[in-house]
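Understanding the architecture of this molecule
Residues per chain, in single letters:
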Amino acid sequence: MNFAATLLVAGLSVGSIYAMIAITLNLTYWTTRTVNFGQGSILMLSAMGTIFLARVGLPLGFAVLVAVGVAAVVMILIERIAIRPAMGESGSMGWAVSTLGVGILLQGLVARYFGSQAVAFPEVLMSSDLYLTVGGIRIGAQYLLVFTFSIITIAAMEAFLRLTVWGRAVRAVAQDRELAGVMGMPVLGIILTSFAVSGALAGVAGVLTAQIIGTVDPAFGFNLLMSGFVAAILGGFGSNIGALVGGLLIGVIEQFASGYVSTALGHGISMVILLLMLAFRPQGLFGIVEVEKA
């Protein structure tokens with residue numbers, strides 16, 4: 001029973017990060033109908049950047065803020081360099097290849113200049129040795145803190161999208177980009193801002209994950225991106241509520257599969273869920289079937 005409870009808490013904590021990653025994918029999908037397959041490298045870049053900046057003497061909290069800011073800037077560059085030029089032809093999927101290429105490039109650059117070995121990540125939130133005892137069950141305090149921080153961030157993001165002018169503008173562009181432009185909305189500015197916010201959230205997710213795992217390497221973000229992508233598909237692409245539910249489900253399922261069967265199954269089971277969803281309910285649990293304009 002204690003083991004199952006520990007797996008549940010770990011799954012919810014990791015799943016909340018998957019949900020945050022899924023929401024970063026939603027943000028760019030709403031405004032451009034594209035998915036940044038290089039998002040995993042943004043997660044890695046923020047975590048590795050935090051390590052580098054802390055080593056050169058910056059205070060740890062400031063190092064995290066700078067690294068997250070860099071992640072936001074890199075996402076803007078990805079939109080300008082890899083996505084916008086590839087969206088010239090209607091129906092073109094060139095953006096998928098170009099974003100994947102940018103992700104591989106960033107991973108290669110980090111491996112070239114910082115090495116391909118895993119590097120220890122500093123304790124940003126709290127020590128991994130701290131535990132809480134709840135009902136006789138010993139739970140890592142950092143899991144609870146990461147889960148709480150992630151849920152608060154997701155809730156704030158959802159409120160921001162629903163209650164602010166910028167959030168309404170994003171939803172307007174998502175509904176009809178051409179009409180939003182005709183109505184005088186700065187469509188390109190909204191798109192760039194959505195990419196910047198997506199990059200910042202991805203940076204935060206990367207730092208939170210590195211806090212739990214304890215190490216970072218150039219391939220750090222690949223599995224995270226895949227799990228976040230599956231969470232978005234499971235919940236329904238474009239739905240933040242779906243992203244939250246999907247992320248938590250994927251996190252819990254992965255942890256129980258790893259704990260009771262094998263780590264290999266824990267990594268692979270999300271791919272099984274992806275295939276099942278695409279086969280039987282491609283719109284996801286909370287998504288709706290979209291009708292293309294003629």
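Refer to the structure printed above.
Note that the coordinates shown come from a computational prediction; the quantities given were computed from them, not determined experimentally.

**With respect to the overall build of the protein**
A tally of helices and strands in the protein yields eleven helices and four strands. Computed over C-alpha atoms, the radius of gyration of the protein comes to 19 Å, within 12% of the 19 Å expected from 2.2 N^0.38 for 294 residues, which places it in the range of a compact globule. With the C-alpha coordinates of the protein rotated into their principal frame, the extents come out at 60 × 45 × 35 Å. Relative to its full complement of 294 residues, the protein shows a buried share of 47%. Residue pairs at least 24 apart in sequence account for 75% of intrachain contacts in the protein once pairs closer than 6 positions are excluded. A total of about 14000 Å² of accessible surface is found on the protein, and carbon and sulfur atoms cover 70% of it. Averaging the coordinates of the 12 positive side-chain charges in the protein and doing the same for the 11 negative ones gives two points 4 Å apart.

**Some words on the packing of helix α2 (residues 39-55) against helix α8 (residues 187-213)**
Two elements in contact, α2 and α8, have axes separated by 7 Å at closest approach and are oriented at 60 degrees. Viewed along their axes, α2 and α8 adopt a mutual orientation that is oblique. Seen from above, α2 lies across α8 with right-handed handedness. Seen from α2, the contacting residues are Gln-39, Ile-42, Leu-43, Ser-46, Ala-47 and Thr-50; seen from α8, they are Ser-198, Gly-199, Ala-202, Gly-203, Ala-205, Gly-206, Val-207 and Ala-210. The residue makeup of the contact of α2 with α8, split by class, is seven nonpolar, seven polar and no charged.

**Digging into the packing of aromatic side chains**
Following the criterion strictly, the structure yields eight aromatic pairs and no others. Aromatic side chains Phe-37 and Trp-95 sit 6.3 Å apart centroid to centroid with 5 degrees between the ring planes, which places their arrangement in the stacked category. Residue Phe-37 is located in the loop between α1 (2-32) and α2, and its partner Trp-95 is located in helix α4 (residues 94-114); the two are separated by 58 residues in the primary sequence. A residue is classified by how much of its surface remains accessible, and Trp-95, at 8% relative accessible area, is buried. Every member of this aromatic cluster is reached through a ring pair, and the members are Tyr-29, Phe-37, Trp-95, Phe-229 and Phe-237. The ring of Tyr-29 has Arg-33 lying over it, and the distance from NZ or CZ to the ring centre is 4.8 Å.

Rules of the game
Residues numbered from 1 in each chain as written. Predicted model: local features only at pLDDT ≥ 70, side-chain atom pairs only at ≥ 80, totals over all residues. Heavy atoms only, no water. Helix = DSSP H or I, 4+ residues; strand = E, 2+ residues; numbered from the N terminus. Rg over C-alpha atoms; globule rule 2.2 N^0.38 Å. Buried < 20%, exposed > 50% of the residue type's maximum accessible area, 1.4 Å probe, protein only. Contact = heavy atoms within 4.5 Å. Areas by Shrake-Rupley, 256 points an atom, 1.4 Å probe, with all protein chains shown as cover. Lys, Arg positive; Asp, Glu negative; His and termini not counted. Charge placed at Lys NZ, Arg CZ, Asp CG, Glu CD. Axes fitted to C-alpha atoms, helices over the stretch in contact; angles between N-to-C directions. Parallel < 35°, antiparallel > 145°, perpendicular 65-115°, else oblique. Left-handed = near helix turned anticlockwise from the far one by under 90°. Nonpolar A, V, L, I, M, F, W, Y, C, P; charged D, E, K, R; others polar. Phe/Tyr/Trp six-rings, centres within 6.5 Å; stacked < 30°, edge-to-face > 60°. Lys NZ or Arg CZ within 6 Å of the ring centre and 35° of its normal.

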